[in-house]
Amino acid sequence: MIDPDDPQPEEGSRRPSSDTLSERDFVRLAVIIERHAGIRMPPSKRTMVEGRLRRRLRVLGLPDMNAYCRHVLDDGGLDGEMVDLIDAVTTNKTDFFREIEHFRYLMGTAIPALSRLPHRPGQDRPLKIWSAACSTGAEPYTVAMLLLDRASTGAPIRHEIVGTDICTEALAAAKSGVYPLDMAKMVPAPFASRYLMRSRDDGNPTVRLVPPVRQSVRFGHLNVMDPVYPMATDMDVVFFRNILIYFDKKTQQKVLEKLCGHLRPGGYLFVGHSETITNMDLPVKQVGSAIFVRS
Ligand SMILES: C[S@@+](CC[C@H](N)C(=O)[O-])C[C@H]1O[C@@H](n2cnc3c(N)ncnc32)[C@H](O)[C@@H]1O
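Fair warning: this is a prediction, and the values are worked out from it, not measured in the lab.

(A) Main features of helix α1 (residues 23-37). In a regular helix each residue adds 1.5 Å, so 15 residues correspond to 21 Å; α1 covers 21 Å between its end C-alpha atoms and thus fits that length. All buried positions along α1 are accounted for by Asp-25, Phe-26, Leu-29, Ala-30, Ile-32, Ile-33 and Ala-37. Along the axis of α1, the buried positions cluster into a sector of 165°, meaning they face one direction only. Opposite the packed face of α1, turned more than 90 degrees from it, sit the exposed residues Glu-23, Arg-24 and Arg-35. Looking at the buried side of α1, the elements it contacts are α2 (46-60), α3 (65-74) and α4 (78-89).

What follows is the structure in structure tokens.
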């Protein structure tokens, strides 16, 4: 998993070595990654990718980067390596209550509006919420905490929350529901006291979500570049935040079209605050900052 804060040295300062990728091999890997996952790999990512692939060398018992590239690019090792390669190059930065205005809108505006639609999602049938690039799960678990909290103070909202991602390591972390203590800082105190349990291991301070929160979310592997998504086509809410930035315009349009096909009319699409989709041809209208309603 790539840390967005990994250093990015100047291209001109590079020296070829057995511990680095040649330009040709980097480009070949970049093409494979973009075709498979949609993630653009400009030259500025080369050092970051090298850093991440060094761990794969150790796991595979390969002596250097050249041996890794021969294994993956020339000797038929790609199929067996694809999952780990993609895990290595994804950026999984996430937080609980990230871009909190979205969650305020969800609870204060979107859910009340959805509950007035035919079949009254949340009442007559479960409200269907999909976090389509959920990383380690903070986004769907934030929704779970908010819905559980609402149930404790008012009428419960029936719900089904699904989190999907391409990164298998991130999904494993999501399923465990265990997070570094630092991530708990983003959880408002009343929610933290109700829904987070502190580990007793002071050497490795973590928090774990309480079972009702963990049990509220189902997780699954899904590459949004796949031609078909095995998901309901009447989702009430789709979160697709902080992923479009990794795709080029054509891929963004293609993926968003497909996601819109999984939203019911009147359903909501949330994208990241720094992501613009207003100039795209999509069956949605904007109703808030990075918030759209399916027409
Ligand atoms: C920066 S995280 C965003 C997580 C969360 N949505 C948020 O805003 O906090 C981007 C996520 O997109 C996932 N991703 C990248 N390409 C993907 C693809 N083709 N299909 C599904 N997920 C993908 C990455 O694995 C990563 O977990």
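Past the structure itself, the notes keep going.
(B) Structural detail: the site of the ligand. In the neighbourhood of the ligand, 21 residues make up the surrounding shell, with Ala-37, Thr-94, Arg-98, Asp-165 and Asn-242 lying closest. Interatomic distance of 2.8 Å between a backbone N/O atom of Ala-133 and a nitrogen atom of the ligand. A distance of 3.0 Å separates a nitrogen atom of the ligand from a polar backbone atom of Val-224. Calculation on the ligand without its partners gives an accessible area of 600 Å², and the protein chains cover 99% of this total. In terms of residue class, the shell around the ligand is made up of 9 nonpolar, 7 polar and 5 charged.

(C) Fine view of the domain arrangement of the protein chain. When its domains are assigned, the protein chain resolves into domain 1 (11-89) and domain 2 (100-294). Once you take the C-alpha centre of each, domain 1 and domain 2 turn out to be 31 Å apart. Domain 1 puts 12 residues into the contact, and the matching count from domain 2 is 11 residues. Taken together, the two surfaces of domain 1 and domain 2 that pack against each other cover about 940 Å², and 46% of this comes from carbon and sulfur. If you sort the residues of domain 1 by the area they bury against domain 2, Gly-38, Arg-40 and Asp-87 come out on top, with a joint share of 45%. Taken together, the connections running from domain 1 to domain 2 amount to 1 salt bridge. Counting the contacts that link domain 1 with domain 2 gives 6 residue pairs in polar contact (both at pLDDT 80 or more). Elements with a contribution of two residues or more to the side of domain 1 that touches domain 2: α1 and α4. Tallying contributions element by element places α1 first for the side of domain 1 that touches domain 2, with 4 residues. Looking at the side of domain 1 that touches domain 2 residue by residue, the classes come out as 4 nonpolar, 2 polar and 6 charged.

Calculation rules
Residues numbered from 1 in each chain as written. Predicted model: local features only at pLDDT ≥ 70, side-chain atom pairs only at ≥ 80, totals over all residues. Heavy atoms only, no water. Helix = DSSP H or I, 4+ residues; strand = E, 2+ residues; numbered from the N terminus. Expected span 1.5 Å × (residues − 1). Buried < 20%, exposed > 50% of the residue type's maximum accessible area, 1.4 Å probe, protein only. Arc of directions from axis to C-beta. Contact = heavy atoms within 4.5 Å. Near = heavy atom within 4 Å. Polar contact = N/O pair within 3.5 Å; in protein donor to acceptor, adjacent residues only side chain to side chain. Areas by Shrake-Rupley, 256 points an atom, 1.4 Å probe, with all protein chains shown as cover. Nonpolar A, V, L, I, M, F, W, Y, C, P; charged D, E, K, R; others polar. Domains from an automatic or database assignment. Buried area = accessible area lost by both parts, 1.4 Å probe. Salt bridge = Lys/Arg side-chain N within 4 Å of Asp/Glu carboxyl O.

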